[in-house]
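Here is what each chain is made of, one letter per residue.
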Amino acid sequence: MYKFGFLIDAVGTSQHSIYLTQQVNALVSQKPDYAPCLFYRDFDKIVEPPLFALLNCYETWSFDGIAIATDIYSANLLLGCPGPKKRFFYVWNMEWAFRPQNMYADLAKVYLNDKLPLIARSKYHADILTKIWQPPVAILEEFNHEQLASFIKEQS
């Protein structure tokens, strides 16, 4: 059984949430030996019904699978959780460009942390991350379920 979970800001009507849910649903439908869950901070109207568990983000504390943060807030949260056996930061977008109030030291704590390897959303994002922060350990295009399945299996 391959146990993994994503930490996300909000379940609801965002492109981020919809893509993630669709791709993880496709993975679960094709590979029953994968046991995903989604840890969220905020709960909104669900557009794409998930075929996997939804849990409050604080449940990550005791989660013992592979945990993947998807934003700076959840990455910081994940760094303090003792449970996950492996941690990653899937960089969905370049948040630092949209939040000028973030200090470099706060960003570096996440983007340059050896305990939280980066995963890029695309080759383009990987190039940017490599130039500004560090090279990602993988590229999973738009949460692609086939690439995700291979990545989780490889990391387990």
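What counts, and at which threshold
- Every chain begins its residue count from 1, and numbering advances along the sequence as written.
- The predicted nature of this model means local features are confined to residues of pLDDT at least 70 and side-chain atom pairs, given and counted, to a pLDDT of 80 or more, with totals for whole chains, interfaces and linings taken over all residues.
- With hydrogens and water stripped out, all remaining heavy atoms of the structure feed into the side-chain values.
- With axes taken as lines fitted to C-alpha atoms, and helix axes fitted only over the stretch in contact, angles between N-to-C directions fall between 0 and 180 degrees.
- To qualify as a helix, a DSSP run of H or I must reach at least 4 residues; to qualify as a strand, a run of E must reach at least 2; elements of each kind are numbered from the N terminus.
- To sort the angles, those under 35 degrees are grouped as roughly parallel, those over 145 as roughly antiparallel, those from 65 to 115 as roughly perpendicular, and the leftovers as oblique.
- In this scheme the crossing of two helices becomes right-handed for a clockwise turn of the near helix relative to the far one and left-handed for an anticlockwise turn of less than a right angle.
- Whether two residues touch is decided by their heavy atoms; if any such pair falls within 4.5 Å, the residues are in contact.
- Three residue categories are used. Nonpolar comprises Ala, Val, Leu, Ile, Met, Phe, Trp, Tyr, Cys and Pro, charged comprises Asp, Glu, Lys and Arg, and polar comprises the others, including Gly.
- Salt bridge, as applied in this entry: a Lys or Arg side-chain nitrogen positioned within 4 Å of an Asp or Glu carboxyl oxygen.
- Remark: exposure states derive from per-residue accessible area (1.4 Å probe, protein chains only) relative to the maximum for the residue type, with buried under 20%, exposed over 50%, and partly exposed in between.
- DSSP calls a pair of strands paired once it identifies at least 2 bridges connecting them.
- We call a crossover right-handed when, viewed with both strands directed away from the observer, the connection leading from the first strand over the helix to the second proceeds clockwise.

## Some details on the packing of helix 1 (residues 15–30) against helix 6 (residues 145–155)
Phase 1: Between helix 1 and helix 6, whose axes approach to 9 Å, the crossing angle comes to 65°. One element, helix 1, and the other, helix 6, form an angle in the roughly perpendicular class. At the point where helix 1 passes helix 6, the crossing takes the right-handed sense. Between helix 1 and helix 6, the residues in contact are Gln23, Val24, Ala26, Leu27 and Gln30 and His145, Leu148 and Ala149, respectively.
Phase 2: By residue class, the composition of the contact of helix 1 with helix 6 is 5 nonpolar, 3 polar and no charged.

## A word on the packing of helix 2 (residues 72–79) against helix 4 (residues 104–111)
Phase 1: Across the interface, helix 2 lies against helix 4 with an axial gap of 10 Å and an inter-helix angle of 65°. Here helix 2 and helix 4 pass one another in a crossing that is left-handed. Two secondary-structure elements touch here, helix 2 through Ile72, Ala75, Asn76 and Leu79 and helix 4 through Leu107, Lys109, Val110 and Tyr111.
Phase 2: When its residues are assigned to classes, the contact of helix 2 with helix 4 shows 6 nonpolar, 1 polar and 1 charged.

## Observations concerning the pattern of salt bridges
Phase 1: Counted according to the given criterion, the structure contains 5 salt bridges.
Phase 2: With a shortest N-O distance of 3.1 Å, Glu142 and Arg121 are connected by a salt bridge. With Glu142 in the loop between strand 7 (138–139) and helix 6 and Arg121 in the loop between strand 6 (118–120) and helix 5 (123–132), this residue pair connects regions lying 21 residues apart in the sequence.
Phase 3: Judged by relative accessible area, Arg121 falls into the buried class, the value being 13%.
Phase 4: Close ionic contact of Lys123 with Asp127 constitutes a salt bridge, the shortest N to O distance being 2.7 Å. Of this pair, Lys123 and Asp127 both sit in helix 5, separated by 4 residues, roughly a single helical turn.
Phase 5: Residues joined in a network through salt bridges with shared partners are Asp9, Arg41 and Asp71.

## Observations regarding the environment of Ala35
Phase 1: Inspection of the secondary structure assignment puts Ala35 in strand 2 (residues 34–43).
Phase 2: Residue classification places Ala35 among the partly exposed positions, given a relative accessible area of 27%.
Phase 3: For the pair Ala35 and Lys3, spaced 32 residues apart in sequence, the C-alpha separation works out to 4.7 Å.
Phase 4: Leave out the neighbours within four places in its chain, and Ala35 touches Met1, Tyr2, Lys3 and Phe4.

## A word on unusual backbone geometry
Phase 1: Positioned with a positive phi, Glu142 is a non-glycine residue whose angle comes to about 55°.
Phase 2: We classify Glu142 as partly exposed; its relative accessible area is 27%.

## Quick look at the pairing of strand 1 (residues 2–11)
Phase 1: With 7 of 10 residues buried, strand 1 lies mostly within the body of the structure.
Phase 2: Two strands pair when backbone bridges link them, and strand 1 and strand 2 are joined in this way by 9 bridges, in the parallel orientation. Bridged to Lys3 within strand 2 is Ala35.
Phase 3: Read from strand 1 through helix 1 to strand 2, the crossover connection turns out right-handed.
Phase 4: Here strand 1 runs beside strand 4 (residues 66–69); their pairing, made up of 4 bridges, is parallel.

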